[in-house]
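# Structure at a glance
As a plain string of letters, each chain reads:
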Amino acid sequence: MADVDPTAEYLTLHEFVKKARLKLSPFVWDYLYGGSETETTLKRNRMALDSIAFRPRVLRDVADVDTSRTAIGKKHRLPVILAPMGGLQHFDPDGGAAVARSAETFGVPFMCGGNTQPGLANIAKAANGELYYQLYVMGDHDWIEERVKLAMDVGCTAFALTVDSNLGSRRERDISKRYTKPWHTTNHYDHRPHITWKTVDFIKSKCNVPLILKGIQSAEDAVLGVEHGADVIYISNHGGRQPDHTRGSMEILPEVVEAVGNKAKVWIDGGFARGTDIMKAIGLGAEMVGVGRLQGYALAAAGEAGVVRMLEILQQELVIDMGLLGVNNLDQIDESYIHMNAPVVNQPHQLSAFPLLNLEDEGY
Amino acid sequence: MALDASKKAPTHWEKDLRAGGAPFMTLHEIVKKANQRLSQGAWDYLIGATETETTLKRNRMAIDALAFKARVCRDVSSIDCSTTFMGQDIRMPVLLAPIGGIEAFDPDGGASSAKASEAFNVPHMLSSRCHPGLEDTAAAADNFRIFQLYVRGDQDWVDDHVDRALKHGYQSFCLTVDSAHYSRRERDISTRYVKKWRARVGEEGVRYQSTLSWDHVKHHKKKYPDYPLILKGIATAEDAQMALDHGVEGIYISNHGGRQLDHGRGSIDVLPEVAAVAKGKATIFVDGSFMRGSDVVKAIALGADIVGMGRLQGLALAAGSVEGCIRMLEIVESEIKTCMGLIGVSSLDELDETYLHRDANIVATPHQFSALPLLNLEDDGYAPSL
């Protein structure tokens, strides 16, 4: 790979974080950065990633490394989804429209969140990239059916139901500052607690694109999901923003992959911030990896172009990391490259993947 | 029987104290001096690693998770840490490991390490990517030398280097196998530090390293059957076995000091599985954050034949050139002997895993200098001069 171009504005991922911190208000920053209650789930996401080590193989001829992956019938440049985030419009005024354009430019899918502005129809119009839709249930069956129809009408190629948000969690950074997220005041939570497997069956019956269940955290629910027609089991704890004190996403991946077998694909998110993080998930059987916070930092730092640049750096990392692991494509990475229960060298936290980042230093 | 105190051999530090104090009495003083002398760019290059620097920290963490099981009443009045390495007697099982761009720490580059190697009688492995090059470094000292190559050309280019290494007295030849891609050293990238020796590398040259395969090893063993070959950067038992199958004489366990693949295992954690397949069949090298005599003793006990020291060598050169490097080796030797005596062994042959307890509590957060906890780089006030 070519050496790093020293004239580029962003050369490392942590530089986006720094710029985002300088640009965002403390309220928006904490919304992006924080988790629920003790933020233990969030930290366990990082800890689970950081306790895995690689077993690199040598003398494999890795001059041509291919980071692409096919998902939902389409080939993408990276095994990465720009994960849904409700408040994208607070990081950049164009919100989801900006990210949709980034996704098209770079060549990865964007999963549009149900609360993301300027709304699914406008976001779909903004770009021609691969678009998925993620639903928060905020109405009855008629309302759901309308959303499913809209998603299909605007060209979404997959439909995700969020299953980890039946109640609003306590995000104590926001609560302590009496920060009310503007988009939450218009939300209707009345219907969410009533989501059951019947809701899944209903959506499946109305939906003619692959169905994703986002927020699965156990092999048991993964099996139920497959039985109810899910095409993708999306392991997520909402970035540590829903139930606190659950397991790190990567701790859940092996049991879900084993339980699901070849009956569905397995996607995952939760603390992914590096090329090496992605390789670990692929090695343990995930098809795609969702990137949320990192997307938010890049969008806040430099808008639509920032998200594209973030993906470029992530790809640069992944190319080098795969070459150094001794593989030419993602399909070659399996458990033989993975060593579990390796020592964790840093205290896990939101930004422990970026140890050189110094947010205290205002100067750079 | 009374012991005659006057006949007791003084330890190194006692001798030095009697002589009025040597310039450096502990390894961390060398680090301190290097820190004061080096530019920020050169310092970061030397102490930094890849991406999150997790591999580097795991190197330290793996060493720090080993505790000694010291044995007593063994008569350790005479301790010998010399060994036979690839057919030659050396003073201790330490290799001056190859450092690319070593001229950033000492203007004479690899030649200074070669001189220290001769003076102290430990082997030096010269990196192909440093000043003053294969021939001039060989001319600088009459030492035990090994040549380590980064492949930047075709097979003829490689063979030309092998021929030159043979001609200039390099006792064995080492191929680097952990550097198929140049890693992201984020300290350098963040500060936009462009290393001069990197600026010279063309895209095409680097590609040759990426295409390396076992076929290159086969070619070497066929064309140079009597010239010992070392593969540097082995990180699994599987690849160690493949190296044996290809007739390789030296298996060098390394993650490049945490400077190539991030999130690898600590080197000393890899050592047992490699020793299980290769001990006695090939010479086993290991490096990765070895910063102390006791670190070296742990590696020997787990089956290594020799331990490479890179960062510590670079720091010693920065602190005091050839003399600094020799002094560093003296202190390491003193520490090895002290450690051996205190755990109850008189020679390296006696060391085995019965002297080690695994998964011991780790008392410090692992980092580049966690082996030197008294070092305080924030304090500008002290550092002896050579």
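The structure this text deals with has already been given above.
In this text, all values refer to a predicted model and were calculated from it rather than measured experimentally.

On to the overall build of chain A, then. Scanning chain A for helices and strands turns up 12 helices and 12 strands. Relative to its length of 364 residues, chain A is compact, with a C-alpha radius of gyration of 19 Å against a globular reference of 21 Å. Along the first, second and third principal axes, the C-alpha set of chain A runs to 60 × 50 × 40 Å. By sequence separation, contacts in chain A at least 24 residues apart represent 74% of the contacts at least 6 residues apart. In the form shown here, chain A has an accessible surface area of approximately 13600 Å², with 48% of it arising from carbon and sulfur atoms. Distance between charge centres in chain A, computed from 37 positive and 46 negative side chains, equals 2 Å.

Moving on, we get to the interface of chain B and chain A. Across the contact, 49 residues belong to chain B and 51 residues belong to chain A. Between chain B and chain A lies a buried interface of about 4100 Å² when both sides are counted; carbon and sulfur atoms form 56% of it. Looking only at chain B, the three residues that lose the most surface to chain A are H181(B), R184(B) and L261(B), adding up to 18% of its buried area. For the interface between chain B and chain A, the tally reads 7 salt bridges. For R274(A), the salt bridge goes to E186(B), with nearest N and O atoms at 2.6 Å. Here chain B is connected to chain A by 21 residue pairs in polar contact (both at pLDDT 80 or more). Listed by contribution, the elements that provide at least two residues to the side of chain B that touches chain A are α4 (54-64), α8 (186-190), α10 (203-210), α11 (214-223), β8 (229-234), α12 (237-245) and α13 (267-278) of chain B. When its residues are assigned to classes, the side of chain B that touches chain A shows 16 nonpolar, 15 polar and 18 charged.

Most of helix α14 (residues 293-301) of chain B sits inside the fold, with 8 of its 9 residues counted as buried. Positioned one or two residues after α14(B), G303(B) has a phi angle of 110 degrees, which is positive.

Attention now moves to the pairing of strand β5 (residues 124-127) of chain B. Of the two faces of β5(B), the one holding H124(B) and L126(B) and the one holding M125(B) and S127(B) are both buried throughout. Remark: the β5(B)/helix α6 (residues 134-140) of chain B/strand β6 (residues 145-149) of chain B crossover connection has right-handed handedness.

Another point: the layout of surface pockets. Residues and elements named next belong to chain A. Quantified by volume, the second largest pocket comes out at close to 660 Å³. Contributions of two or more residues to the lining of the second largest pocket are made by α3 (40-50), β11 (288-291) and α12 (293-325). Among the elements that take part in the lining of the second largest pocket, α12 stands out by supplying 3 residues, more than any other. Tallied by class, the residues present in the lining of the second largest pocket amount to 17 nonpolar, 16 polar and 8 charged.

All names here are of chain B. Summed over the entire model, instances satisfying the criterion amount to 3 cavities of 30 Å³ or more. Approximately 510 Å³ is the volume attributed to the largest cavity. For the lining of the largest cavity, the secondary structure elements donating two or more residues are α3 (40-47), α9 (196-199), β11 (306-309) and α15 (311-343). Split by residue class, the lining of the largest cavity holds 12 nonpolar, 12 polar and 8 charged. Here the second largest cavity defines a volume of roughly 270 Å³.

This brings us to the environment of D94(A). Residues and elements named next belong to chain A. Mapping D94 onto the fold places it in the loop between β4 (80-82) and α4 (95-106). Overall, D94 belongs to the partly exposed group, its relative accessible area being 36%. Those residues in contact with D94 that sit more than four places away from it in its chain are R101, Q117 and P118. Within the local environment of D94, its side chain forms a polar contact with the side chain of R101, the two groups lying 2.9 Å apart.

Another aspect to go through is the pairing of β11(A). The side chains of a regular strand alternate, residue by residue, between the two faces of the sheet. Residue and element names in this part refer to chain A. Residues M288 and G290 of β11 are buried on one face, and the alternating residues V289 and V291, pointing to the opposite face, are buried as well. Here 3 bridges tie β4 to β11, and the two strands are oriented parallel to one another. The residue of β11 that forms the bridge with V80 is V289. Bridge count between strand β10 (residues 265-269) and β11: 3 bridges; the pairing is parallel.

The subject of this paragraph is the state of the cysteines. Residue and element names in this part refer to chain B. Evaluated as defined, the whole model comprises 0 disulfides over all chains. Lacking any disulfide linkage, C73 is separated from the closest cysteine sulfur, that of C339, by 18 Å. A disulfide-free cysteine, C81 has its sulfur positioned 11 Å from the sulfur of C339, the nearest such atom. What makes C81 buried here is its relative accessible area of 1%.

Our next topic: the nonpolar core. F91(A), F110(A), F159(A), M250(A), Y297(A) and M310(A) are the most contacted members of the largest nonpolar core, which totals 105 residues. Top contributing element to this core by residue count: α12(A), with 17 residues. With near-sequence residues (within four places) excluded, F159(A) lies in contact with Y133(A), L135(A), R147(A), V148(A), A151(A), I203(A), C207(A), V209(A), P210(A), L211(A) and I212(A). Core analysis: the second largest hydrophobic core is formed by 101 residues, V58(A), V31(B), F290(B) and L302(B) among them.

Per the counting criterion, the structure on display carries 15 aromatic pairs over all chains. Ring geometry for W29(A) and Y33(A): centres 5.1 Å apart, planes at 25 degrees, overall stacked. Taken together, the positions of W29(A) and Y33(A), both in helix α2 (residues 26-33) and 4 residues apart, correspond to about one turn of that helix. What makes Y33(A) buried here is its relative accessible area of 13%. With a centroid separation of 5.6 Å and 70 degrees between ring planes, the pair formed by F147(B) and Y170(B) is classed as edge-to-face. With a gap of 23 residues between them, F147(B) in strand β6 and Y170(B) in strand β7 (residues 170-176) connect regions that are remote in the sequence.

Rules used throughout
Residues numbered from 1 in each chain as written. Chains lettered and ligands numbered in written order. Predicted model: local features only at pLDDT ≥ 70, side-chain atom pairs only at ≥ 80, totals over all residues. Heavy atoms only, no water. Helix = DSSP H or I, 4+ residues; strand = E, 2+ residues; numbered from the N terminus. Rg over C-alpha atoms; globule rule 2.2 N^0.38 Å. Contact = heavy atoms within 4.5 Å. Areas by Shrake-Rupley, 256 points an atom, 1.4 Å probe, with all protein chains shown as cover. Lys, Arg positive; Asp, Glu negative; His and termini not counted. Charge placed at Lys NZ, Arg CZ, Asp CG, Glu CD. Buried area = accessible area lost by both parts, 1.4 Å probe. Salt bridge = Lys/Arg side-chain N within 4 Å of Asp/Glu carboxyl O. Polar contact = N/O pair within 3.5 Å; in protein donor to acceptor, adjacent residues only side chain to side chain. Nonpolar A, V, L, I, M, F, W, Y, C, P; charged D, E, K, R; others polar. Buried < 20%, exposed > 50% of the residue type's maximum accessible area, 1.4 Å probe, protein only. Right-handed = clockwise from strand over helix to strand, strands pointing away. 1 Å grid on protein atoms, 1.4 Å probe; cavity = no way out; pocket = protein on both sides within 12 Å on 5 of 7 lines; lining within 4 Å. Points joined across faces, edges and corners; volume = space filled by probe spheres on them. Pairing = 2+ DSSP bridges. Disulfide = S-S within 2.5 Å. Core = buried A, V, L, I, M, F, W, Y, C linked by side-chain atoms within 4.5 Å. Phe/Tyr/Trp six-rings, centres within 6.5 Å; stacked < 30°, edge-to-face > 60°.

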